[in-house]
Amino acid sequence: MAKKVHYVYTTLSPIFQSDFEQKASGNKNAVKQRTMSVAITTAEGLKIEELPTISGNSIRGKNRRLFIDKTLEALGLKNGWQYDTSISTDVYLLLISGGNMSKSKDVKLTVQGYINTLNLLPFLALFGGFYQGVQFDGRLSAGFLIPAVDGCFFDEGIRKNIKTVQFNPAGFNNKIGFVRTKINQINEIFFESLAPVKEINKDIYNGILNLFREVEVEEETEATAEETAQKSSNKKPKGKYEQNKEKLQKILKDNRKDAEEIIKLIEPDITSMEEPEKILIEILEQKLSTQMIYSVQGYIPAGINLVATDILNDGLGSDELVTDAFAAYIETVSRQSYIGGMGAKGFGRVDCKVFGEDGEPYVPNGEKYWNWLKNNRDKIIDVLKNIDKYLAFQIQ
């Protein structure tokens, strides 16, 4: 049974996993791909470059949930979305997501009880987790998915199974834009909420209606103006929206106190009132725009290889049973056709192939694990129901 396997993913669509520090770009509507520093051998020597990556933890976390769900179903503890209530929520959390580090109680833990519990629950020994302050070290290490770029270091056994691409920073810095359209009824609700503005200043209220209820007309005017500008060297005339915007700005300038009062009505948290005529129009444009443009930057392109390695480390738990569970887990990973995020927008589609440590194709078979679950169902369920007593070695 393999204790070290390589995954080679071929990206069939762009792949994306968001970076932690999105605010650094200064654009709330732009999301960046996660990257990490990687050493690349070049003709000039070793260089450190930023490459887009998918974290091994995200792959491990997603497939842990799938694998544990399937395990619970095989044990008869899960049916659809219903979980057997004879097992505590804390035990389910331990298995599915790794538990809660901050939650603890006085568990009477013994060394022999701890070891025995892991021997009886190989799926817990594989992933680890926290239960009431007790830490179980998982034996599975999941590697980052790294693009197969010329000069990157990969295990010797897997090199023959990957197609590398020449490193080109621009190739990993592409941008895709999307447009999100707001439901028109939301704007109508907002217009209704502006009724008190009419009481503050009727001219401002009418100016707002003229500006934002003329958007469709303005778009037609702009399109016509653009065509006119292409046919002549004359300066493009202002569209109706811009004309109405200038009119509203003049009204607001002439009625600054009223503009400030309206700003406080719509956005109570705003304290700075410099140029209230600009602030109010910006607020209204944000709230009443029917479209929001946002972008994904630095995504992993389609058509390349991503390489990752999973290792089953030495540790506690019956080695035979944990190795069988590892094989069943690899089978779960290999069957997933999507990784990363934004799958609803077409990102994340992959084809996965598995290779052994020697680089030869590896076909995982989880049959031994699933048969073991079936044959030992009653004992496993008893451990899960009475895990405190097993940890205290009150039950063996």
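That block above? That's the structure.
What you see is a predicted model, and the numbers here were worked out from it, not measured in a lab.

The next point concerns the packing of helix 13 (residues 319–334) against helix 14 (residues 367–375). Put simply, helix 13 and helix 14 touch, their axes get as near as 7 Å, and they point 120 degrees apart. Pair helix 13 / helix 14 crosses with left-handed handedness. The residues of helix 14 that touch helix 13, namely those facing Glu320, Leu321, Asp324, Ala325, Ala328 and Glu331, are Lys368, Tyr369, Trp370 and Trp372. Residues of the contact of helix 13 with helix 14, tallied by class, amount to 6 nonpolar, no polar and 4 charged.

For the rest of this paragraph, the subject is the packing of aromatic side chains. What the rule picks out here adds up to 13 aromatic pairs. Measuring from ring centre to ring centre gives 5.2 Å for Tyr114 and Phe136, while their planes differ by 0 degrees; the resulting arrangement is stacked. With Tyr114 in helix 3 (residues 111–120) and Phe136 in strand 8 (residues 134–137), this residue pair connects regions lying 22 residues apart in the sequence. On the basis of relative accessible area, Phe136 is assigned to the buried category, the value being 2%. Ring pairing ties together the aromatic residues Phe67, Phe127, Tyr329, Tyr369, Trp370 and Trp372, which thus form one cluster. Here the basic side chain of Lys78 rests over the ring of Trp81, its NZ or CZ set 5.3 Å away from the ring centre.

Turning next to the pairing of strand 7 (residues 128–131). As defined by bridge partners, strand 7 adjoins strand 8 across 4 bridges and the pair is classed as antiparallel. Pairing of Gly128 across the sheet is with Asp137, part of strand 8. Counted between consecutive antiparallel strands, the loop separating strand 7 from strand 8 contains 2 residues, among which Gln132 sits at a positive phi close to 50 degrees.

Our focus in this paragraph is the side chain of Lys245. Position of Lys245 among the secondary structure elements: in helix 10 (residues 240–254). Beyond its immediate chain neighbours, meaning those up to four positions away, Lys245 contacts Leu211, Ile281 and Glu285.

Calculation criteria
- Residues numbered from 1 in each chain as written.
- Predicted model: local features only at pLDDT ≥ 70, side-chain atom pairs only at ≥ 80, totals over all residues.
- Heavy atoms only, no water.
- Axes fitted to C-alpha atoms, helices over the stretch in contact; angles between N-to-C directions.
- Helix = DSSP H or I, 4+ residues; strand = E, 2+ residues; numbered from the N terminus.
- Left-handed = near helix turned anticlockwise from the far one by under 90°.
- Contact = heavy atoms within 4.5 Å.
- Nonpolar A, V, L, I, M, F, W, Y, C, P; charged D, E, K, R; others polar.
- Phe/Tyr/Trp six-rings, centres within 6.5 Å; stacked < 30°, edge-to-face > 60°.
- Buried < 20%, exposed > 50% of the residue type's maximum accessible area, 1.4 Å probe, protein only.
- Lys NZ or Arg CZ within 6 Å of the ring centre and 35° of its normal.
- Pairing = 2+ DSSP bridges.

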